[in-house]
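Per-entry structural report
The primary structure of each chain is shown beneath.
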Amino acid sequence: MKAKEGVLDILNKVLVSELTAVHQYLLHAALCKHWGYGRLHAHFSHLSQEEVSHSSGLIDHILYLGGAPEMGHLDAVAAGKKVSELLAADLAFEREDADVLRQGIAHCAKVGDFTTRHRLEDMIIDTEEHIDWFETQLRTIEQVGEERYLAEQLTADKS
Ligand SMILES: [Fe+2]
Ligand SMILES: [Fe+2]
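Definitions and cut-offs
- Residues numbered from 1 in each chain as written.
- Chains lettered and ligands numbered in written order.
- Predicted model: local features only at pLDDT ≥ 70, side-chain atom pairs only at ≥ 80, totals over all residues.
- Axes fitted to C-alpha atoms, helices over the stretch in contact; angles between N-to-C directions.
- Helix = DSSP H or I, 4+ residues; strand = E, 2+ residues; numbered from the N terminus.
- Parallel < 35°, antiparallel > 145°, perpendicular 65-115°, else oblique.
- Left-handed = near helix turned anticlockwise from the far one by under 90°.
- Nonpolar A, V, L, I, M, F, W, Y, C, P; charged D, E, K, R; others polar.
- Core = buried A, V, L, I, M, F, W, Y, C linked by C-beta atoms within 7 Å.
- Buried ≥ 20, exposed ≤ 12 C-beta atoms within 10 Å, placed from the backbone.
- Contact = placed C-beta atoms within 7 Å.
- Expected span 1.5 Å × (residues − 1).

**Section: the packing of helix 3 (residues 83–111) against helix 4 (residues 114–144)**
- Where helix 3 meets helix 4, the axes come as close as 9 Å, and the angle between the chain directions of the two elements is 155 degrees. As judged from the angle between their axes, helix 3 and helix 4 are roughly antiparallel. The crossing of helix 3 and helix 4 is left-handed.
- Of the residues assigned to the contact of helix 3 with helix 4, the class counts are 15 nonpolar, 6 polar and 9 charged.

Here you go:
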């Protein structure tokens, strides 16, 4: 199947963002483990898995449209010296990701690529859930203080 104008560029731009997210959440999962916050480690590991599945879906779709997946570069991966810095960087990152997805959805509607639009719409649902989770964590920190918040993050939830 041949891609409509501009669609492969958008998909590759989204792919760079998703692959960056995989790396950023792997790093944040490892930092949280290193600092002893098992519960946050588990959540960041889960987020990185979700970003892997976004990335692999995009790679499949780019190949399906006859394109070449852009695997060779990442955006800067945000680090931090404490949990609240990680959470703030991740919230900003997810908001940017949502903007890129929104632009992509609008473009696909304009050129009449409804399959790609549907795919991006599915991804934005997860992205908005991620935004909501980061907003909630930062709001809780604001309300109860970072120390009390972190005391709740020491052990992973039993599942
Ligand atoms: Fe994603
Ligand atoms: Fe995300």
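**Topic: the nonpolar core**
- By size, the foremost hydrophobic cluster in this structure holds 28 residues, and its most contacted members are Leu 11, Val 14, Leu 15, Tyr 25, Cys 32 and Phe 44.
- Taken together, the elements giving at least two residues each to this core come down to helix 1 (7–35), helix 2 (38–64), helix 3 and helix 4.
- No other element matches helix 1, which puts 13 residues into this core.
- The contact partners of Val 14, leaving out residues within four places of it in the chain, are Leu 58, Val 100, Leu 101 and Gly 104.

**Observations concerning helix 1**
- With 29 residues, helix 1 should reach 42 Å at 1.5 Å per residue; the first-to-last C-alpha distance of 42 Å fits that figure.
- Where helix 1 terminates, the next one or two residues include Gly 36, which has phi positive at roughly 95 degrees.

**Thoughts on the packing of helix 1 against helix 2**
- Running from N to C, helix 1 and helix 2 cross one another at 160 degrees; their axes reach a closest spacing of 8 Å. Looking at the two axes, helix 1 sits roughly antiparallel to helix 2. Here the hand of the crossing between helix 1 and helix 2 comes out left-handed.
- Looking at side-chain class alone, the contact of helix 1 with helix 2 contains 18 nonpolar, 8 polar and 3 charged residues.

**Section: the environment of Pro 69**
- Its place among the elements puts Pro 69 in the loop between helix 2 and helix 3.
- Owing to 19 C-beta atoms within 10 Å, Pro 69 belongs among the partly exposed residues under this scheme.
- Separated by 11 residues in sequence, Pro 69 and Leu 58 place their C-alpha atoms 8.2 Å apart.

None of the figures reported here should be taken as evidence of function without further support.
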